[in-house]
Amino acid sequence: MNREELDARLDPKAVAWLDQALAEAGEAGKAQDNVAVPKWELRFAAAGRHCGQDNADDVRTLLLQHAAADVATLTRLYHQGAAAERRAVLLALPHRVPGPEALPLIEDALRTNDTRLVEAAVGPYAAGHLDPHAWRHAVLKCLFTGVPVAAVAGAEHRAHGDAELARMLTDFASERTAAGRSVPPDLHRVLNMTGEES
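Our subject in this report is the structure included herewith. Nothing here was measured: the structure is a model prediction, and the numbers come from that model. (Residues numbered from 1 in each chain as written. Predicted model: local features only at pLDDT ≥ 70, side-chain atom pairs only at ≥ 80, totals over all residues. Heavy atoms only, no water.)

**Observations regarding unusual backbone geometry**
Point 1. Although it is not a glycine, A68 sits at a positive phi angle of roughly 50°.
Point 2. With respect to the helices and strands, A68 occurs in the loop between α4 (53-66) and α5 (71-80). (Helix = DSSP H or I, 4+ residues; strand = E, 2+ residues; numbered from the N terminus.)

**Things to note about the packing of α5 against helix α7 (residues 103-110)**
Point 1. α7 packs onto α5 with a crossing angle of 20° between their chain directions and a minimal axis gap of 10 Å. Classified by the angle their axes make, α5 and α7 are roughly parallel. At the point where α5 passes α7, the crossing takes the left-handed sense. Here α5 contributes L74, T75, Y78 and H79 to the contact with α7, which in turn contributes L105, D108 and A109.
Point 2. Its residues assigned to classes, the contact of α5 with α7 shows 4 nonpolar, 2 polar and 1 charged. (Axes fitted to C-alpha atoms, helices over the stretch in contact; angles between N-to-C directions. Parallel < 35°, antiparallel > 145°, perpendicular 65-115°, else oblique. Left-handed = near helix turned anticlockwise from the far one by under 90°. Contact = heavy atoms within 4.5 Å. Nonpolar A, V, L, I, M, F, W, Y, C, P; charged D, E, K, R; others polar.)

**Digging into the pattern of salt bridges**
Point 1. If you walk through the whole model with that rule in mind, you get 12 salt bridges.
Point 2. Note that R86 is salt-bridged to D108, the shortest N-O span being 3.7 Å. Of this pair, R86 sits in helix α6 (residues 83-96) while D108 sits in helix α7, placing them 22 residues apart in sequence.
Point 3. Among the charged side chains, a salt-bridge network with shared partners connects R3, D7 and D19. (Salt bridge = Lys/Arg side-chain N within 4 Å of Asp/Glu carboxyl O.)

**Overview of helix α13 (residues 185-194)**
Point 1. Three or more residues of α13 are buried, namely L187, V190, L191, M193 and T194. Across the axial projection of α13, the buried residues extend over an arc of 155°, all falling on one side.
Point 2. The elements touched by buried residues of α13 are α10 (132-145), α11 (155-159) and α12 (163-178).
Point 3. Remark: G195 follows α13 within two positions and exhibits a positive phi of approximately 75°. (Buried < 20%, exposed > 50% of the residue type's maximum accessible area, 1.4 Å probe, protein only. Arc of directions from axis to C-beta.)

**Re the environment of A88**
Point 1. Mapped onto the fold, A88 is located in helix α6.
Point 2. The class for A88 is buried, based on a relative accessible area of 0%.
Point 3. Spatially, the C-alpha atoms of A88 and V59 are 9.0 Å apart, while their sequence positions differ by 29 residues.
Point 4. When residues no more than four places from it in sequence are discounted, the contact partners of A88 are F44, D57, R60 and L64.

**Describing the side chain of T73**
Point 1. Within the secondary structure, T73 sits in helix α5.
Point 2. What T73 contacts, discounting residues up to four positions off in sequence, is W40 and E41.

**Quick notes on the nonpolar core**
Point 1. Judged by nonpolar contacts, the single largest core of 65 residues is most densely connected at L90, L93 and I106.
Point 2. It is helix α2 (residues 12-26) that contributes the most residues to this core, 7 residues altogether. (Core = buried A, V, L, I, M, F, W, Y, C linked by side-chain atoms within 4.5 Å.)

**Considerations on α6**
Point 1. With 14 residues, α6 should cover 20 Å at 1.5 Å per step; its first-to-last C-alpha distance of 19 Å lies within 8% of that length.
Point 2. Among all positions in α6, only E85, R86, A88, V89, L90, A92 and L93 are buried.
Point 3. Residues of α6 that are buried in the fold lie against α3 (39-51), α4, α5, α7, α8 (115-121) and α9 (124-129). (Expected span 1.5 Å × (residues − 1).)

**Focus: the side chain of R86**
Point 1. Within the structure, the side chain of R86 is placed 3.3 Å from the backbone oxygen of H79, a separation counted as a polar contact.
Point 2. When near neighbours in sequence (up to four residues on either side) are disregarded, R86 contacts Y78, H79, G81, D108 and L117. (Polar contact = N/O pair within 3.5 Å; in protein donor to acceptor, adjacent residues only side chain to side chain.)

**Details of the packing of aromatic side chains**
Point 1. Evaluation of the coordinates by the stated rule reveals 1 aromatic pair.
Point 2. Taking 6.5 Å as the distance between ring centres and 80° as the angle between the ring planes, the aromatic pair formed by W40 and F44 counts as edge-to-face. Of this pair, W40 and F44 both sit in helix α3, separated by 4 residues, roughly a single helical turn. Taken as a pair, W40 and F44 share a single burial class, namely buried.
Point 3. It is R60 that lies over the ring of F44; its NZ or CZ is 5.7 Å from the centre.
Point 4. The ring of Y78 has R86 sitting right over it, with the charged end atom 4.8 Å from the ring centre. (Phe/Tyr/Trp six-rings, centres within 6.5 Å; stacked < 30°, edge-to-face > 60°. Lys NZ or Arg CZ within 6 Å of the ring centre and 35° of its normal.)

Shown next as structure tokens:
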């Protein structure tokens, strides 16, 4: 996130709040005596209230970057946070965690029916680290919950030639049809991506 672009969307009071929050986040690695919760983590939770809900994801991502948040910190913030905070952690994963260590957070989000979390969970981090079985189920979760398949990072690349995904999609469509329910239009889009549609 470009700080200048973000500042242009904030009023002066919010910019001042963000300046202070980032300064506190920058101190995150230094010893803090008798502090149960670092100030920047409190600001992480309050970002929407001070900078507006439309800017909260970007503000929280900046805070995580300035704090050099590691997997342990990200995991704690995720599990302690409300849905909006969890979403921000998920969105920040590709920038903060190079390896698969944060996959439990993706897996947790995909177990929910909160479309905000599901959509955030199927981004670039999932594309790079979910194994084929888990990734296929993430795609089905999107179809089941109504999350647009366009949100699934790397979908065309990962779906191409995936006969097992094609089988799962076909079975899902058959089950919906048999139950008298409509088949999500995105299902055919993903099936086309596999190249396995008959």
